[in-house]
Amino acid sequence: MDAVRVENLVKRYGKIEALRGISFRIAPGELFAFLGPNGAGKTTTIRILCGLTRPTAGRAFFYEVDVFKRPVEAKKMAGLVPQTINLDLELTVAENLFIHGLLFGLSREEISRRARALLDFAELSDRKDHKVRTLSGGMRRRLLIIRALLHEPRILFLDEPTVGLDPHIRRRLWGLIKRIQQQGTTIFLTTHYIEEAEFLADRVAFIDQGRLIIEGTPQALMARLGEFAVDVVRESGLETKYFPNREEAEKFALALAEQAETVTIRRVNLEDAFVYFTGRKV
């Protein structure tokens, strides 16, 4: 049984097609990532699956529950961490969690028990009585994540959860996300950070202009190009060639050494795969 199954999802805003018939599946416990530039359709997909936007066409299921025909049942399975920090800044950390728990019909005892465990998990216990406006950006992001986990969803949607954070805080959040997955939660992540998708995702799908271009493990997508890349800087711009091994890459680089301003040999990364398959940079 798939944790998430999406079939031919379409979303139009007038003449604009935000989603153009995308389909994908996510296995239970998997961390699946949508990688693409701003405006590619990542947030639209999450908004539809979480019941915040109606699709133009298509079907979606959480563990075989029809998301559009049985929305209340489906929403109980999902937790959402939006791009925008929509916490109440004038309430405390504990009060924000308490209100979320009430909205999902949890008892005071359940909220108290789960909140304590999640605050420990996110290393926020010492901040539980602090107003959210006093927290750093990274702490607010951690609070958003554990708030979404309070009702114990089977599927967690993370919509660009580290946008705007410095690299140190981003990597700390990566650790939290991997720990959540290790506890059995299925995670659907959207991001335009190449290294984030490469590090976190079991599988990644490239999405661009509302179309799903290709999907697979980061390693498999990079392997389609080769193991090594040679970047050649000329007056006309940057050119990149891909090779199955370092020996062939070095032979090519040596032959071009006098014809180019700079020749660099490096390992293929996920950005190379995205550019190759979409023709665009993220």
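Treat the numbers as computed from the prediction; the structure is a model and nothing was measured.

The rules we used
Residues numbered from 1 in each chain as written. Predicted model: local features only at pLDDT ≥ 70, side-chain atom pairs only at ≥ 80, totals over all residues. Heavy atoms only, no water. Pairing = 2+ DSSP bridges. Helix = DSSP H or I, 4+ residues; strand = E, 2+ residues; numbered from the N terminus. Axes fitted to C-alpha atoms, helices over the stretch in contact; angles between N-to-C directions. Contact = heavy atoms within 4.5 Å. Phe/Tyr/Trp six-rings, centres within 6.5 Å; stacked < 30°, edge-to-face > 60°. Buried < 20%, exposed > 50% of the residue type's maximum accessible area, 1.4 Å probe, protein only.

Q: I'd like to hear about the sheet that holds strand β13 (residues 262-267), residue by residue, with values.
A: Strand order in the open sheet formed by 3 strands is β12-β11-β13, and the pairing between neighbours is antiparallel. Two strands lie at the open edges of the sheet, namely β12 (237-243) and β13, each paired on one side alone. Averaged over all pairs of adjacent strands, the angle between strand axes in this sheet comes to 20 degrees, irrespective of strand direction. Inspection of the sheet shows strand β11 (residues 228-234) paired to β12 by 7 bridges, in the antiparallel sense. Following the sheet pairing, Val-232 is matched in β12 by Glu-239. With respect to the sheet, helix α9 (residues 246-256) is in contact with β11, β12 and β13, its orientation differing from that of β11 by roughly 15 degrees.

Q: Would you mind going over the packing of aromatic side chains in detail, with residue names and values included?
A: Enumeration over the complete set of coordinates arrives at 13 aromatic pairs. Between Phe-34 and Phe-188, the aromatic rings sit 5.0 Å apart at their centres with planes inclined by 85 degrees, giving edge-to-face as the arrangement. Highlighted residues: Phe-34 in strand β3 (residues 31-35) and Phe-188 in strand β8 (residues 186-191), separated in sequence by 154 residues. With respect to burial, Phe-34 and Phe-188 carry one shared label: buried. Ring geometry for Phe-62 versus Phe-157: centroids 5.8 Å apart, planes at 40 degrees, classification tilted. Note that Phe-62 is positioned in strand β4 (residues 57-62) and Phe-157 in strand β7 (residues 155-159), a separation of 95 residues in sequence.

In short, the description is geometric, and any link to function would need to be established separately.
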